[in-house]
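# A look at the structure
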Amino acid sequence: MVKNEELPIGFSMELAKHLDALNRFSRLSDPEKRAVIERARQIKTKEEMRSFVASGF
């Protein structure tokens, strides 16, 4: 199980704004979640994070 404190804050904030993305993320397997989190950690701007979440990861 992936712990909440492992989520980048910008990613968490965008998930909170997009319930469909939050639901999609919650249905991923733990390895898939870790991969998405690692990709999210590479994102440097709010706009990039918004696009990442809106695109469905």
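In case you missed it, the structure is sitting above this.
None of the values given here were measured: they were computed from a predicted structure.

Definitions and cut-offs
Residues numbered from 1 in each chain as written. Predicted model: local features only at pLDDT ≥ 70, side-chain atom pairs only at ≥ 80, totals over all residues. Heavy atoms only, no water. Helix = DSSP H or I, 4+ residues; strand = E, 2+ residues; numbered from the N terminus. Buried < 20%, exposed > 50% of the residue type's maximum accessible area, 1.4 Å probe, protein only. Lys, Arg positive; Asp, Glu negative; His and termini not counted. Salt bridge = Lys/Arg side-chain N within 4 Å of Asp/Glu carboxyl O. Contact = heavy atoms within 4.5 Å. Arc of directions from axis to C-beta.

Once that is clear, we can look at the side chain of lysine 33. Within the element layout of this structure, lysine 33 appears in helix α3 (residues 30-41). This buried residue, lysine 33, is left without a salt bridge; aspartate 30 holds the nearest opposite charge, at 4.3 Å. Setting aside anything within four residues of it in sequence, one finds lysine 33 in contact with Val2, Phe25, Ser26 and Leu28.

Right, let's talk about helix α4 (residues 46-54) for a bit. Among the residues making up α4, those that are buried are Met49, Phe52 and Val53. Mapping the buried residues of α4 onto a view down its axis gives an arc of 90°, with all of them on the same face. Exposed positions of α4 whose direction lies more than 90 degrees from the buried face are Glu47 and Ala54. Check the buried side of α4 and you find it contacts α1 (9-17), α2 (19-27) and α3.

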